[in-house]
Amino acid sequence: MTWQPDPDALRGRVAVVAGATRGAGRGIAAALGEAGATVVCTGRSSVTGTGRSDYDRPETIEETAELVTRLGGTGIASQVDHLDPGQVRRLAERIRAEHGRIDVLVNDIWGAEVLKGGPASWNTPIWDHDLDSGLRILRLAIDTHLITSHHLLPLLVGRPGGLLVEVTDGTSDYNASRYRISVFYDLAKVAVNRLAFSQGHELQPHGATAVAITPGWLRSEMMLDNFGVTEGNWRDALEEGKVDGYPSAPPGFAASESPRYVGRAVAALASAPDRARWNQRSVTSAQLAGEYGFIDVDGTRPDSWANL
């Protein structure tokens, strides 16, 4: 395929990616940078070492901001704990002073991957599940989004055309009929889809749009590390015994996607004149790829949800 990102599609637009340190958040920030946007990249993990993520990981918001700039946008790192209303309020004040508005707000805060646990701990009933861990999953997945929207959406509704993106796992239709890992995880992912619906109702009179988006099987940094591969050789994980000392990925991993793919979905929405037709809807990155024609970094157009 010959598709290439338009380096000026979002030139002059101001985006905030809340939870941009790694995974889908970094991929979204990068794709907005490919399209020329100014991207404020927030999260707890910083080169300053003063913040603490729930993960012991090396990625930082500064790395994400540098990637945005390298790809043609303007990346700005801003260390924020989105569970702290005061920090988010101060972020809003800085953005108002320095940029005057927000055109795109992406709520990708998560941070509960470790608390979610691996397959061996899935399907643990609520009475056997660790309550503190479960409640923290909800705080990280839901409270963070509510706090962020409360303080930042006033900067988005000042003029028509704004876009709010809620990032989750599974569409509304998919999650409605399927139990997702645990009561706590299930509730978190259903709730984020509903946040796009309810906020879309409130944003529509202001000419703004809210959409929930889910990537497919995501080749995040953590996922690649789990299989002992990189983005450059990820297909090796599909071959049994190819990567010594690591488990082989199941066949469904062949339809996995890079974080940039869901990022290009967000960039396509942000630059689409018809984005209002997606208001309150729940979509996949692959669904938007079919609509707007973008591809993943390896030239493919994967759809792991179709296989499910």
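Moving on to helix α5 (residues 131-152). For an α-helix, the turn length of 3.6 residues means that residues three or four places apart are oriented alike. Its 22 residues place the ends of α5 31 Å apart at the C-alpha level, agreeing with the 32 Å of an ideal helix rising 1.5 Å per residue. Its side-chain oxygen 3.4 Å from the backbone nitrogen of Asp 132, Asp 130 forms the N-cap of α5.

For strand β5 (residues 163-167), the buried fraction is high: five of the five residues fall into the buried class. Along β5, one buried face is formed by Leu 163, Val 165 and Val 167 and the opposite face, lined by Leu 164 and Glu 166, is buried too. Of the strand pairs in this sheet, strand β4 (residues 104-107) and β5 are connected by four bridges, and their pairing is parallel. Within the sheet, the bridge partner assigned to Val 106 lies in β5 and is Val 165. Relative to strand β6 (residues 209-214), β5 runs parallel, the two sharing five bridges. Each residue of the ladder has a partner; that of Leu 164, found in β6, is Ala 210.

Taken as a whole and judged by the stated rule, the model has 22 salt bridges. Across the pair Arg 26 and Glu 63 runs a salt bridge whose closest N-O atoms are separated by 3.1 Å. In this pair, Arg 26 sits in helix α1 (residues 23-34) while Glu 63 sits in helix α2 (residues 61-70), placing the two residues 37 residues apart along the sequence. The class for Glu 63 is partly exposed, based on a relative accessible area of 37%. Ionic pairing is found between Asp 54 and Arg 136, a salt bridge with its closest N-O pair at 3.0 Å.

The next point concerns the packing of aromatic side chains. Scanning the model with the defined rule gives seven aromatic pairs in all. Between Tyr 174 and Trp 305, the aromatic rings sit 4.9 Å apart at their centres with planes inclined by 65°, giving edge-to-face as the arrangement. Taken together, the positions of Tyr 174 in helix α6 (residues 172-176) and Trp 305 in helix α11 (residues 304-307) put the pair 131 residues apart, joining distant regions of the chain. Residue Tyr 174 shares its accessibility class with Trp 305, and that shared class is buried. The interplanar angle of 85° and the centroid separation of 5.5 Å between the aromatic rings of Trp 234 and Phe 253 together place this pair among those described as edge-to-face. One end of the pair, Trp 234, is in the loop between α8 (221-227) and α9 (259-271); the other, Phe 253, is in the loop between α8 and α9, with 19 residues separating them in the sequence. Among the residues examined, Trp 234 registers a relative accessible area of 4% and is labelled buried. For Phe 253, a relative accessible area of 0% gives the class buried. Aromatic rings pair up to connect Trp 217, Phe 227, Trp 234 and Phe 253 into one cluster.

How each quantity is defined
Residues numbered from 1 in each chain as written. Predicted model: local features only at pLDDT ≥ 70, side-chain atom pairs only at ≥ 80, totals over all residues. Heavy atoms only, no water. Helix = DSSP H or I, 4+ residues; strand = E, 2+ residues; numbered from the N terminus. Expected span 1.5 Å × (residues − 1). Polar contact = N/O pair within 3.5 Å; in protein donor to acceptor, adjacent residues only side chain to side chain. Buried < 20%, exposed > 50% of the residue type's maximum accessible area, 1.4 Å probe, protein only. Pairing = 2+ DSSP bridges. Salt bridge = Lys/Arg side-chain N within 4 Å of Asp/Glu carboxyl O. Phe/Tyr/Trp six-rings, centres within 6.5 Å; stacked < 30°, edge-to-face > 60°.

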